[in-house]
Amino acid sequence: MSKIKSEAYGYVKDMFAQHHMVKRAVLSFISIIIMGFGISLFSVSGFGVDPFTSMNMNVASTLGIGFGTYQLIVNMIILLYVLIVAHRGLIGIGTVVNMVGSGYACEFFQSIIQPAVENHYTLAVRIPLLAAGIVTLCFACSLFFTANVGIGPYDALGFMLSRGTKLKYKWARVCTDVTVVLIGLIVSGGLTAALNGNFAGVKNIGIGTVITAFCMGPLVNAFNKSVSAKIFNVDYEKISKDIAFFMLKGAFNKNARPEYVARAERNHAPAPYGFSK
């Protein structure tokens, strides 16, 4: 029990160690709402969604339960695993907001957008929806990552795999993405349909999924430097040009003890990210 209390205290201390914590938490919450809106645009476009969402949508549809509810259940399972195995610096208030809010936000916005476009469901409508979904999702991810108050449960899996196997994060992420896509395809029957030449039976996977895989990183990085870094007053060039490295660095440096900051000041070195001098 004492260990649990100590860990709980550590989590709370980590969360409030950063400067402007209220601002970070509020903007993290806003980013999840925007993220749900972006995912809903992806989904309504019919060109596929990101890998993790595709699995959750396919499995939820097969089981006959709401996407938001299923995503919450999966995120809770992943979060439990992360809490047991990983460093607590990966988890924060943003992790909880992401876990609970993204799926339900997507469901809410999709219930509004879908009826509005179903009578005009042409390429002239679907392509702008896809483009708007990509831009909106990348902006939301940039805002959420730069807030640095915890990462999404699914994102944590990539970091854990990278650390455990010594793979670069981008390849670890490819492994997790391919795995979740295959799970969704198998459970929904999409894999069998594709092998039989019935590609119409493949749901929630398409060109949008491919675009997300190749374009999301550069777009998020562009938003980081041009928008999010200014909102949070972060010198992005000094942290990293690689968003994955930035997330990992920020998460683990959150747990640096105050004496490290004092030592950095004596040596005229930058303080660990998350502490202001």
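Right above here is the structure, for reference.
Residues numbered from 1 in each chain as written. Predicted model: local features only at pLDDT ≥ 70, side-chain atom pairs only at ≥ 80, totals over all residues. Heavy atoms only, no water.

K.L.:
I'm lost on the packing of aromatic side chains in this one. Help?
P.N.:
Given two aromatic rings, one states the distance between the centres and the angle between the planes to describe the pair. By the definition in use, this model includes five aromatic pairs. Ring geometry for Phe52 against Tyr154: centres 4.4 Å apart, planes inclined by 10°, an arrangement best described as stacked. Placement of the pair is Phe52 in helix H3 (residues 51-63) and Tyr154 in helix H7 (residues 153-165), with a sequence separation of 102 residues. A relative accessible area of 7% places Phe52 in the buried class. Judged by centre distance (5.3 Å) and plane angle (70°), the ring pair of Phe108 and Phe109 falls under edge-to-face. The structure contains a cluster of three or more aromatic residues connected by ring pairs, namely Phe37, Phe108 and Phe109. (Phe/Tyr/Trp six-rings, centres within 6.5 Å; stacked < 30°, edge-to-face > 60°. Helix = DSSP H or I, 4+ residues; strand = E, 2+ residues; numbered from the N terminus. Buried < 20%, exposed > 50% of the residue type's maximum accessible area, 1.4 Å probe, protein only.)

K.L.:
Explain the pattern of salt bridges to me, please; I cannot follow it from the model alone.
P.N.:
Close approach of charged atoms lets side chains of opposite charge pair. Evaluated as defined, the whole model comprises two salt bridges. Between Asp155 and Arg173 there is a salt bridge, with its nearest N and O atoms 2.8 Å apart. Note that Asp155 is positioned in helix H7 and Arg173 in helix H8 (residues 169-188), a separation of 18 residues in sequence. Across the pair Asp177 and Arg173 runs a salt bridge whose closest N-O atoms are separated by 3.2 Å. (Salt bridge = Lys/Arg side-chain N within 4 Å of Asp/Glu carboxyl O.)

K.L.:
Would you mind going over the environment of Ile183 with me for this structure?
P.N.:
On the secondary structure map, Ile183 appears in helix H8. Taking the relative accessible area as the measure of exposure, Ile183 reaches 35% and is therefore partly exposed. As for Ile183 and Asn56, which are separated by 127 residues in sequence, their C-alpha atoms are 9.3 Å apart.

K.L.:
Is there a simple way to explain the environment of Thr146 in this structure?
P.N.:
In this structure, Thr146 sits in helix H6 (residues 123-147). Overall, the relative accessible area of 0% leaves Thr146 in the buried class. Here Ser142 takes part through its backbone oxygen, which lies 2.7 Å from a polar atom of the side chain of Thr146. A polar contact of 3.4 Å, which involves the side chain of Thr146, links it to the side chain of Asn224. (Polar contact = N/O pair within 3.5 Å; in protein donor to acceptor, adjacent residues only side chain to side chain.)

K.L.:
For this particular structure, what's the right way to read the nonpolar core?
P.N.:
It is characteristic of soluble globular proteins that their nonpolar side chains tend to be buried jointly. If you look at the biggest cluster of nonpolar residues, it comprises 21 residues, and the most contacted ones within it are Met35, Phe42, Leu137, Cys138, Cys141, Met216 and Val220. Only helix H2 (21-45), helix H5 (93-117), H6 and helix H10 (207-232) provide two or more residues apiece to this core. Beyond its immediate chain neighbours, meaning those up to four positions away, Cys138 contacts Met216, Leu219, Val220 and Phe223. Listed in part, the 19 residues of the second largest apolar core include Ile78, Ile91, Ala156 and Tyr169. (Core = buried A, V, L, I, M, F, W, Y, C linked by side-chain atoms within 4.5 Å. Contact = heavy atoms within 4.5 Å.)

K.L.:
Explanation requested: the state of the cysteines in the structure shown.
P.N.:
Joining two cysteines, a disulfide is a covalent bond between their sulfur atoms. Within the structure shown, the criterion is met by zero disulfides. Unpaired in terms of disulfides, Cys138 finds its nearest cysteine sulfur in Cys141, a separation of 6.5 Å. Looking at Cys138, the relative accessible area reads 2%, which means it is buried. (Disulfide = S-S within 2.5 Å.)

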